Amino acid sequence: SGCGLMVESTPLINQVLANTSTTLLEVNISENDLVGEGGLILLHAGLLSCTALTKLDISGCNLSADCVPVLGDIIARCCNLRHIDIQRNRLGDAGLAGLEPALCSHELHKVYISRCHLTNDSCSTLNNVLKYQQHHLTVLWLGWNSTDDAGLLAMSPSLSLCSRLVRFSMSFLTTASLPVLTELLQRWTRIEELLLDIEGVIRPYQQYIEKVDITVKMAFISAVAQSPALKYITLPGQWMCDHNGKEYPGLRRPGLVVSFN
């Protein structure tokens, strides 16, 4: 990871992969310039030779939608792969749509796709992936993409079925998503970490207005407090206290860390 490797390094890497093909469990070539489309093509055969591979991290490797045919083939044919990290790549909606067959080809436990230039258009793709992975997925890291309330709503039918989910992140949500998040929290009995970027209602002139029914807000806070496995959650800074300046007691339960942003 982050070793300054270039495309010229691929023959040596392929040799290492070939020599350890039956025993190698994890490959981390993240934050290197060697990948991109050309580098991934050159590593294709070497990665496919790793029959025991369970984790592949190629985050921050300058991948784009053009890399999807090769990347999809690697994911689909490495049938023991359970952890895929492709964060910080320029895949976009078209790229993720192209990866859908691969992401539904076998059991996956952890999928990291933050900062991949995704929009709400990708949420229908993710909904299909979640339907397939609902009994397997433990991590979906989706934050810092241009998805919002509509995207969460589109995924919610399948998200609610992901009973093994432990970690989830999503950004650019508003308080309009609280009813959906409340229902998800009530269903996710194993969830330990929620990294949420919840803002108020943003008017056209960009002034922040928190416009949320207190009943809806309290229902969400109650769900947070009663979530049996939850250890960490991020919430808006203005939620530290109620309108009377008092802390919400449910957010201070033992074992729960609340970070206000």
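Novice: Can you tell me about the pattern of salt bridges, naming the residues and giving the values?
Specialist: What the rule picks out here adds up to 5 salt bridges. Between arginine 167 and glutamate 193 there is a salt bridge, with its nearest N and O atoms 2.7 Å apart. Here arginine 167 is found in strand 6 (residues 167–174), whereas its partner glutamate 193 is found in strand 7 (residues 193–199), with 26 residues between them in sequence. Taking the relative accessible area as the measure of exposure, glutamate 193 reaches 19% and is therefore buried. The shortest N-O distance in the salt bridge between arginine 252 and glutamate 247 comes to 3.4 Å.

Novice: Run through the sheet that holds strand 5 (residues 139–141), naming residues and quoting values.
Specialist: Strand pairing in a sheet is mediated by backbone hydrogen bonds. Such pairs are either parallel or antiparallel. The strand order across the open sheet formed by 9 strands is 1-2-3-4-5-6-7-10-11, and the pairing between neighbours is parallel. In this open sheet, the two strands that pair with only one neighbour each are strand 1 (26–28) and strand 11 (257–260). The average angle at which neighbouring strand axes cross in this sheet is 10°, direction not considered. Of the strand pairs in this sheet, strand 6 and strand 7 are connected by 6 bridges, and their pairing is parallel. The residue bridging serine 169 from the neighbouring strand is leucine 195, located in strand 7. The sheet contacts of helix 6 (residues 149–159) involve strand 5 and strand 6, and relative to strand 6 the element is tilted by about 145°.

Novice: So what's going on with the state of the cysteines? Residues and values would help.
Specialist: A complete count under the given rule lists 0 disulfides for this structure. No disulfide involves cysteine 78; its sulfur sits 7.0 Å from the nearest other cysteine sulfur, which is in cysteine 50. In this structure cysteine 78 comes out as buried when scored by relative accessible area, which is 4%. Note on cysteine 116: no disulfide assigned, nearest cysteine sulfur contributed by cysteine 61 at a separation of 11 Å.

Novice: Tell me about the side chain of serine 171, residues and numbers included.
Specialist: The residue serine 171 is located in strand 6 in this model. A distance of 2.8 Å separates the side chain of serine 171 from the backbone nitrogen of tryptophan 144, its partner in a polar contact. Those residues within four positions of serine 171 in sequence are excluded, and the remaining contacts are Gly143, Trp144, Thr147, Asp148 and Asp197.

Novice: For the packing of helix 7 (residues 178–187) against helix 8 (residues 214–226), give the residues involved together with the corresponding values.
Specialist: Here helix 7 crosses helix 8 at 25°, and the two axes come no closer than 9 Å. With respect to helix 8, the axis of helix 7 lies roughly parallel. Crossing geometry of helix 7 relative to helix 8 is assigned as left-handed. Here Leu178, Pro179, Leu181, Thr182, Leu185 and Gln186 of helix 7 come into contact with helix 8, specifically with Val216, Lys217, Ala219, Phe220, Ala223 and Val224. The residue inventory of the contact of helix 7 with helix 8, partitioned by class, reads 9 nonpolar, 2 polar and 1 charged.

Here is what the cut-offs are and how they apply
Residues numbered from 1 in each chain as written. Predicted model: local features only at pLDDT ≥ 70, side-chain atom pairs only at ≥ 80, totals over all residues. Heavy atoms only, no water. Salt bridge = Lys/Arg side-chain N within 4 Å of Asp/Glu carboxyl O. Helix = DSSP H or I, 4+ residues; strand = E, 2+ residues; numbered from the N terminus. Buried < 20%, exposed > 50% of the residue type's maximum accessible area, 1.4 Å probe, protein only. Pairing = 2+ DSSP bridges. Axes fitted to C-alpha atoms, helices over the stretch in contact; angles between N-to-C directions. Contact = heavy atoms within 4.5 Å. Disulfide = S-S within 2.5 Å. Polar contact = N/O pair within 3.5 Å; in protein donor to acceptor, adjacent residues only side chain to side chain. Parallel < 35°, antiparallel > 145°, perpendicular 65-115°, else oblique. Left-handed = near helix turned anticlockwise from the far one by under 90°. Nonpolar A, V, L, I, M, F, W, Y, C, P; charged D, E, K, R; others polar.

Shape descriptors only; they carry no functional weight alone.
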